[in-house]
Amino acid sequence: MSEQVKYLLQENEMPTAWYNILNDFETPLPPVIHPGTGQPIGPQDLAPLFPMQLIMQEVGVGPYATSFVDIPEEVWEAYKLWRPTPLIRARRLEKALDTPAHIFFKYEGVSPSGSHKPNTAVPQAYYNKQEGTKRITTETGAGQWGSALSFACQLYDIECKVYMVAISFRQKPYRRFLMETYGSSVVSSPSMDTNTGRKFLAQDPDHTGSLGLAISEAVEDAAGREDTKYSLGSVLNHVLMHQTIIGEEALKQMEMAGEYPDIVVGCAGGGSNFAGIALPFIRAKMKGEKNTRIIAAEPTAAPSLTKGVYTYDFGDTGQIIPLVKMYTLGSSFIPAPIHAGGLRYHGMAPIVCKLYNEGLIEAVAVPQNAVFESNVLFAREEGILPAPEPGHAIRVVIQEALKAKEAGEKKTILFNLCGHGHFDLAGYEQYLKGGLEDYEYPREQVEMAISMLPKVAI
Ligand SMILES: *Cc1c(COP(=O)(O)O)cnc(C)c1O
């Protein structure tokens, strides 16, 4: 008898609503604080940067004060370019591990830009188009978010300007070529195009840049032009909500497979793909219907949940965007150059932090050699070459599958394979040559960075 491996939904079976967990929280998220006034910010403070529909989604008001938010028909149609994505049972990996556990993964690498990021880039571009935005600015590190937004802007005929961290701009040109192919204009950050950029370039013409600096430039650009808005690819509530399409599909596909996960795993940088797969399963957990273990996998080099402090911090290194309460390593955190560029962030999405603080989710930190070892095993068994980021989830899945073997328990494990690694082959080359370094972020450094944060009296 042949073994079923893929669980595929028909296009017309794609979920028609996102899950808005804000509406199901018993207590609200801590307020977002204005860095100047120390007071909670209101929708009007965000209006220069984001279209009103996204701001309302961010705070869960108006038509969004509900647990399920209808996906606009135009967005649902655009999703069909790559969705529904497959749920795959990793039979060969199970055999290689000789585990009684059943391992399922949701594969988001089939999207146009190769990761989960278009799930939010497309609706963000759509709402901007609805409200007349002509141009969108953003920042990108290694280029995953920049390429997703470039693709989405192209769909809606919006100009896109990407501030790309200088070091990646120089060392990782292929993502830049992809963004330019989609029609975006990409500059190395710091750039000569903003006051912030010019200031830093004057100090150091060879500045390598940082995500925080690139955010400052993109925000300054958008705030200074009537026709321009800004867009962020992770962390924010509306981004996480858009990503729940992943978990809503997975719920249906697990049902097709006749199983329900005992464990759900995702990698967490800003927290959006993790939340995307996990929040729909947390819904049942919050209602007390299921007792699924939900695990966020993060790098030992940027261990926001496992070593960070739950406090108010800036979302960016430039300290110009509002203060949010989150598990943070401190906004002055300078990440080690690990290959999982998408996970090199000092903070974490406030929704994910609240869940962690309340004990609804767990977190595990993984060093990068273990990540690449797991990814190579996965590629050899399942054929798909994972990006370094989801390798953190794969590592945790392997650990849990081996624990199940030891205990002789048949566990069902689900994880999000949030992107392929075709643009990350330099990292694979280095790993195969034995040249990767592991980084452990020291707790003393966390305490020092936290002691420098502003005190918020809320
Ligand atoms: C951007 C990115 C991440 C990190 O972002 P999250 O918001 O934590 O999901 C992880 N994996 C891939 C492939 C990415 O592109």
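For every chain, the first residue of the written sequence is number 1, and numbering continues from 1 along that sequence. Reporting of local features is limited, given that this is a predicted model, to residues whose pLDDT is at least 70; pairs of side-chain atoms are given and counted only at 80 or more, and all residues count toward the totals for whole chains, interfaces and linings. Only heavy atoms go into the side-chain values, all of them from the structure, while hydrogens and water stay out.

## A look at the overall build of the protein
Part 1 of the argument: Where helices and strands are cited, they refer to DSSP runs of H or I of at least four residues and of E of at least two residues respectively, numbered from the N terminus. Along its length, the protein carries 19 helices and 15 strands.
Part 2 of the argument: The globule rule used here is 2.2 Å times the number of residues to the 0.38 power, and the radius of gyration it is set against is calculated over C-alpha atoms. Over its C-alpha atoms the protein spans a radius of gyration of 21 Å, differing by no more than 12% from the 23 Å that the globule rule assigns to 458 residues.
Part 3 of the argument: In terms of its C-alpha atoms, the protein occupies a principal-axis envelope of roughly 65 × 50 × 45 Å.
Part 4 of the argument: Looking at the protein as a whole, 61% of its 458 residues qualify as buried.
Part 5 of the argument: Summed over its atoms, the accessible surface of the protein is roughly 18,100 Å², and 51% of this surface lies on carbon and sulfur atoms.
Part 6 of the argument: All tallies of charge rest on Lys and Arg as positive and Asp and Glu as negative; His and the ends of each chain are not included. Throughout, a charge is located at the NZ atom of Lys, the CZ atom of Arg, the CG atom of Asp or the CD atom of Glu. On the protein, the mean spot of the 40 positive side-chain charges and the mean spot of the 52 negative ones are 2 Å from each other. The cut-offs for exposure are 20% and 50% of the maximum accessible area for each residue type, with area from a 1.4 Å probe on protein chains only; residues under the lower value are buried, those over the upper are exposed, and the others partly exposed. Only the protein chains shown count as cover for residues, and all accessible areas are computed by the Shrake-Rupley method using a 1.4 Å probe.

## Considering the nonpolar core
Part 1 of the argument: Judged by nonpolar contacts, the single largest core of 76 residues is most densely connected at Trp18, Ile351, Val352, Leu355 and Leu414.
Part 2 of the argument: Take this core: its biggest share by element is 7 residues, from helix α13 (residues 272-286).
Part 3 of the argument: Where a domain begins and ends is set by an automatic assignment or by a domain database. There are two domains that each give this core at least three residues, and those are domain 1 (21-67 + 117-237) and domain 2 (76-114 + 240-451).
Part 4 of the argument: Contact between two residues is taken to exist if any of their heavy atoms lie within 4.5 Å; hydrogens are not considered. Ignoring any residue separated from it by four or fewer positions in sequence, one finds Ile351 in contact with Ile21, Leu22, Phe25, Leu29, Asn237, Leu240 and Leu279.
Part 5 of the argument: Core analysis: the second largest hydrophobic core is formed by 27 residues, Ala101, Val265, Ile384 and Ala404 among them. Note on terminology: a nonpolar core comprises buried Ala, Val, Leu, Ile, Met, Phe, Trp, Tyr and Cys residues joined through side-chain atoms within 4.5 Å.

## Details of the sheet that holds strand β5 (residues 102-107)
Part 1 of the argument: In this scheme, strands are said to pair when DSSP sees at least two bridges between them. Spatially, 7 strands are ordered β1-β4-β5-β15-β10-β11-β14 in an open sheet, and the strand pairing comes out mixed. Each edge of the sheet is formed by a strand with only one pairing partner; in this case those strands are β1 (6-7) and β14 (362-366).
Part 2 of the argument: Bridge count for strand β10 (residues 263-267) against strand β15 (residues 412-417) is 3 bridges, and the pairing is parallel. Following the sheet pairing, Val264 is matched in β15 by Leu414.
Part 3 of the argument: A fitted line through C-alpha atoms serves as each axis, taken over the contacting stretch for helices, and the angle formed by two N-to-C directions is quoted from 0 to 180°. Along the sheet face, helix α16 (residues 368-382) touches β4 (87-89), β5, β14 and β15 and points at about 95° away from the line of β14.

## Section: helix α10 (residues 211-223)
Part 1 of the argument: The terminal C-alpha atoms of α10, which comprises 13 residues, lie 18 Å apart, in line with the 18 Å expected from a rise of 1.5 Å per residue.
Part 2 of the argument: Counting buried positions along α10 gives 10 out of 13 residues, so the element sits mostly inside the fold.
Part 3 of the argument: Burial in α10 covers these residues: Gly212, Leu213, Ala214, Ile215, Ser216, Glu217, Ala218, Val219, Asp221 and Ala222.
Part 4 of the argument: Where the residues of α10 are buried, they touch β6 (135-140), β7 (159-165), β8 (185-189), α9 (195-203) and β9 (228-230). Here a helix's expected span is defined as the number of its residues, less one, multiplied by 1.5 Å.

## Let's talk about the domain arrangement of the protein
Part 1 of the argument: Looking at the protein, the domain boundaries give domain 1 (21-67 + 117-237) and domain 2 (76-114 + 240-451).
Part 2 of the argument: Spacing between the C-alpha centres of domain 1 and domain 2 amounts to 22 Å.
Part 3 of the argument: Every contact between the two is made by 42 residues of domain 1 and, on the other side, 43 residues of domain 2.
Part 4 of the argument: Interface of domain 1 and domain 2: buried area, both sides summed, is about 3,500 Å²; carbon and sulfur atoms make up 66% of it.
Part 5 of the argument: Using a 1.4 Å probe, buried area is obtained as the accessible area two parts lose upon being combined, added over both of them. Looking at the side of domain 1 facing domain 2, the largest losses of area belong to Ile21, Asn119 and Val235, adding up to 20% of the total buried there.

## Considering α16
Because an α-helix completes one turn every 3.6 residues, residues spaced three or four positions apart along the sequence face the same direction.
Part 1 of the argument: Under the 1.5 Å per step criterion, the end-to-end length of α16 is 20 Å for 15 residues, consistent within 8% with the ideal 21 Å.
Part 2 of the argument: Burial in α16 covers these residues: Gln368, Ala370, Val371, Phe372, Ser374, Asn375, Val376, Phe378 and Glu382.

## Things to note about the site of the ligand
Part 1 of the argument: Only heavy atoms are used to decide nearness, and a residue is near a molecule or strand if one of them lies within 4 Å of it. Inspection of the region around the ligand gives 15 residues, with Lys117, Ser234, Gly269, Ser272 and Asn273 positioned closest.
Part 2 of the argument: Contacts to the ligand include His116, whose side-chain N or O atom sits 3.1 Å from an oxygen atom.
Part 3 of the argument: Two N or O atoms count as a polar contact when they lie within 3.5 Å, although within protein this holds only if one can serve as hydrogen donor and the other as acceptor, and sequence-adjacent residues are included solely when both atoms are side-chain atoms. Between an oxygen atom of the ligand and a side-chain N or O atom of Lys117, the distance comes to 2.6 Å.
Part 4 of the argument: Look at the ligand: alone it shows 380 Å² of surface, and the protein chains cover 97% of it.

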